[in-house]
Amino acid sequence: SLMDYDDVLRQQRKIMYDQRDKVLYSESIYDTVCEYFRNTAKKIVNASLNGEEREKSLDGRLLKQNLEGKYLPEGSFNEEGYTDAPLDEAVEDVGSLLLSYYNQKRATWPEGAADQVEKMVVLSRIDRNWTTHIDSMAKLKEGIHLRSYAQSDPLKAYVDEGWDMFNEMIENIADQCVNTLLNVQIRMKTPEEMEEERRKIEEAKKQQEANKAE
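Every value quoted in this text rests on a predicted model; they were computed, and no experiment measured them.

Trainee: How do you make sense of the pattern of salt bridges when you look at a structure like this?
Mentor: Two side chains that carry opposite charge are able to pair once their charged atoms sit near each other. Under the criterion given, the structure shown has 12 salt bridges. Between Asp-7 and Arg-10 there is a salt bridge whose closest N-O contact spans 2.6 Å. Residue Asp-7 and its partner Arg-10 are both found in helix α1 (residues 2-25); the two are separated by 3 residues, about one turn of the helix. You can call Arg-10 partly exposed: its relative accessible area is 46%. With a shortest N-O distance of 2.6 Å, Arg-20 and Asp-127 are connected by a salt bridge. In this pair, Arg-20 is assigned in helix α1 and Asp-127 in helix α5 (residues 113-143), connecting sequence segments 107 residues apart.

Right under this line is the structure:
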């Protein structure tokens, strides 16, 4: 039974280490960043629905409210035509809009800086959220056996809730990366600072290998 509980976290750890490997060892993670933008657009659209559970529809004003300020400049989004629009089309539009804003900003950065910025942002958000998730899973495991008193299967509850928490963490990582990349400001670093950034990435790679070996 204990092995069954541990297997959930083992599977999740493998997924996160694979994502971390891609960040650390790829020359560019722009394709991952684009996926984050699409996933975040879906999250924003889903948070902009109104109505009863079975008849929810997109609210253009709510979509504008959810986009501006956090992701886009105030007054930059025209909500006309979005109310009651098909959700898949809205997700595509919002994702393209956010990515367009980012690409315009990205194009102004010094050559080679974008890849470095994307790596540092994504890696920091993965590490921060994964650490929090591990703590949350430990707390879930500690209290899950109380479910047996409510005539439910504690292992099934742990698996279901553990994966729900994991999927929410993945959404949060994407959202935080998009928000940071849209709002980050770039300044030219000194050679010493660039060397320090490279050193941190190399240390992260070594730590990743050490964690896998444990």
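After that view of the structure, there is still more to cover.
Trainee: Please explain the environment of Lys-56 as it appears in this structure.
Mentor: As for its position among the elements, Lys-56 is in the loop between β1 (49-50) and β2 (57-58). The class for Lys-56 is partly exposed, based on a relative accessible area of 41%. For the pair Lys-56 and Arg-198, spaced 142 residues apart in the sequence, the C-alpha separation amounts to 48 Å. Once residues lying within four places of it in the same chain are set aside, the contact partners of Lys-56 are Leu-49, Asn-50 and Gly-51.

Trainee: For this particular structure, what's the right way to read the packing of helix α2 (residues 30-46) against helix α4 (residues 87-106)?
Mentor: To characterise two packed helices, one gives the angle between the axes of the helices and the distance between these axes. α4 packs onto α2 with a crossing angle of 135° between their chain directions and a minimal axis gap of 8 Å. What the angle tells us is that α2 and α4 run oblique. In this structure, α2 meets α4 at a crossing whose hand is right-handed. Contacts between α2 and α4 involve Tyr-30, Val-33, Cys-34, Phe-37, Arg-38, Ala-41, Lys-42, Ile-44 and Val-45 on the former and, on the latter, Leu-87, Ala-90, Val-91, Val-94, Gly-95, Leu-98, Leu-99, Tyr-102, Asn-103 and Arg-106. When the residues that make up the contact of α2 with α4 are grouped by side-chain class, the tally is 14 nonpolar, 2 polar and 3 charged.

Definitions and cut-offs
Per chain, residue numbering runs from 1 following the sequence as it is written. Two thresholds apply to this predicted model, a pLDDT of at least 70 for residue-level local features and 80 or more for giving and counting side-chain atom pairs, whereas whole-chain, interface and lining totals are computed over all residues. Side-chain measures were taken over the full set of non-hydrogen atoms in the model, leaving aside hydrogen atoms and water. Within this document, salt bridges are pairs made up of a side-chain nitrogen of Lys or Arg and a carboxyl oxygen of Asp or Glu, the two lying within 4 Å of each other. Numbering goes from the N terminus for both helices and strands, where a helix is a DSSP run of H or I of at least four residues and a strand is a run of E of at least two. Three labels apply to residues, based on accessible area from a 1.4 Å probe with only protein chains included: buried if under 20% of the type maximum, exposed if over 50%, partly exposed otherwise in between. In this description, contact between two residues means that some pair of their heavy atoms is separated by no more than 4.5 Å. To obtain each axis, a line is fitted to C-alpha atoms, and for helices this fit is confined to the stretch in contact; angles are then taken between N-to-C directions over 0 to 180 degrees. Any angle between 65 and 115 degrees counts as roughly perpendicular, while under 35 counts as roughly parallel, over 145 as roughly antiparallel, and the rest as oblique. Each helix crossing is assigned a hand: it is left-handed if the near helix lies turned anticlockwise from the far helix by less than a right angle, otherwise right-handed if that turn is clockwise. Three classes are used, and their members are as follows: Ala, Val, Leu, Ile, Met, Phe, Trp, Tyr, Cys and Pro are nonpolar, Asp, Glu, Lys and Arg are charged, and the others, Gly among them, are polar.

Coordinates in, geometry out; function isn't part of it.
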